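Spelled out, the chains give:
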Amino acid sequence: MSRRPAVTGGKPGTPESRVDLDREQMGRDLVSLVLTVVELLRQLMERQAIRRVEQGDLSDEQVEHIGETLMHLEARMTELCEQHDMRLEDLNLDLGPLGSLLPRN
């Protein structure tokens, strides 16, 4: 459950107008955002690589190298999620009428 920052009353610029932020939650949210962007880029790179393989634009060595790189990236993303007590599924954002940010597998 996400906590909203508490805003105290007062005129802007005065000590009473400060926003009470939960630093730990902010840190978790930032990690989640960064991992979401990295996962989105990883999936886009994977789709582009698949298109290039299907078009025959790559040599066998290039296909092998790209495949290994993508496997390592996916494994590293899984490790990072585990380190921060998240799952890859947790990184998907609901964009309302546009659907989800990441394709559901």
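To be clear, the structure that these remarks concern was listed above.
Within each chain, residue numbers correspond to sequence positions counted from 1 in written order. Confidence filtering applies because this is a predicted model: local features only for residues at pLDDT of at least 70, side-chain atom pairs given and counted only at 80 or more, and all residues used for totals across whole chains, interfaces and linings. Here the side-chain values reflect all heavy atoms present in the structure, with hydrogen atoms and water set aside.

Participant: So what's going on with the overall build of the protein? Residues and values would help.
Facilitator: For helices the rule is a DSSP run of H or I covering at least 4 residues; for strands it is a run of E covering at least 2, with both sets numbered from the N terminus onward. Tallying secondary structure elements over the protein gives two helices and two strands in all. Classification of residues uses two cut-offs on accessible area relative to the type maximum, computed with a 1.4 Å probe and protein chains only: under 20% is buried, over 50% is exposed, and between them is partly exposed. Taking all 105 residues of the protein together, 14% fall into the buried category. Across the protein, every contact between residues at least 6 apart in sequence was considered, and the portion connecting residues at least 24 apart equals 43%. Contact criterion: two residues are considered in contact whenever any of their non-hydrogen atoms come within 4.5 Å of each other.

Participant: Give me the lowdown on helix 2 (residues 60-83), citing residues and values where you can.
Facilitator: What a helix is expected to span follows from its residue count: subtract one and scale by 1.5 Å. In this model helix 2 runs 35 Å from its N-terminal to its C-terminal C-alpha over 24 residues, within 8% of the 34 Å that 1.5 Å per residue would give. Listed as buried for helix 2 are Leu70, Met77 and Cys81. A positive backbone phi angle near 55° is found at aspartate 85, which sits one or two residues after helix 2.

Participant: So, the side chain of glutamate 39: which residues are in play, and what are the values?
Facilitator: Its location among the elements puts glutamate 39 in helix 1 (residues 23-55). The class of glutamate 39 is buried, set by a relative accessible area of 3%. Apart from the residues lying within four places of it in its own chain, the contact partners of glutamate 39 are Met77, Leu88, Leu91 and Leu102.

Participant: Describe a nonpolar patch on the surface, and please don't skip the residues or the numbers.
Facilitator: A contiguous nonpolar surface patch, about 590 Å² in accessible area, is contributed by Leu30, Leu33, Val34, Val37, Val38, Leu41 and Leu44. Locating leucine 41 in the fold gives a position in helix 1. Patch building starts from residues that exceed 30% relative accessible area and form no salt bridge, then joins like charges within 9 Å and nonpolar side chains (Val, Leu, Ile, Met, Phe, Trp, Tyr) within 5 Å. Here the Shrake-Rupley method, with its probe set to 1.4 Å, supplies the accessible areas, and only the displayed protein chains count as covering residues. The salt bridge criterion pairs a side-chain nitrogen of Lys or Arg with a carboxyl oxygen of Asp or Glu, the two atoms within 4 Å.

Participant: Outline the pattern of salt bridges, supporting the account with residue identities and numerical values.
Facilitator: The tally for this structure, following the rule as stated, stands at six salt bridges. With its nearest N and O atoms 2.8 Å apart, the salt bridge here joins arginine 42 to glutamate 39. Of this pair, arginine 42 and glutamate 39 both sit in helix 1, separated by three residues, roughly a single helical turn. Like arginine 42, the residue glutamate 39 is buried in the burial classification. A salt bridge links glutamate 46 to arginine 42, with the shortest nitrogen-to-oxygen separation between them at 2.8 Å. In this pair, glutamate 46 and arginine 42 are both assigned in helix 1, four residues apart and thus about one turn of the helix distant. The class of glutamate 46 is partly exposed, set by a relative accessible area of 29%. Owing to a relative accessible area of 7%, arginine 42 belongs among the buried residues under this scheme.

Participant: Residues and numbers for helix 1, please.
Facilitator: For helix 1, spanning 33 residues, the distance from its first C-alpha to its last is 48 Å, which sits close to the expected 48 Å at 1.5 Å a residue. Residues Gln25, Leu35, Thr36, Glu39, Arg42, Gln43 and Ala49 constitute the buried set of helix 1. Check the buried side of helix 1 and you find it contacts helix 2. Glycine 56 sits one or two residues past helix 1 and shows a positive phi near 80°.

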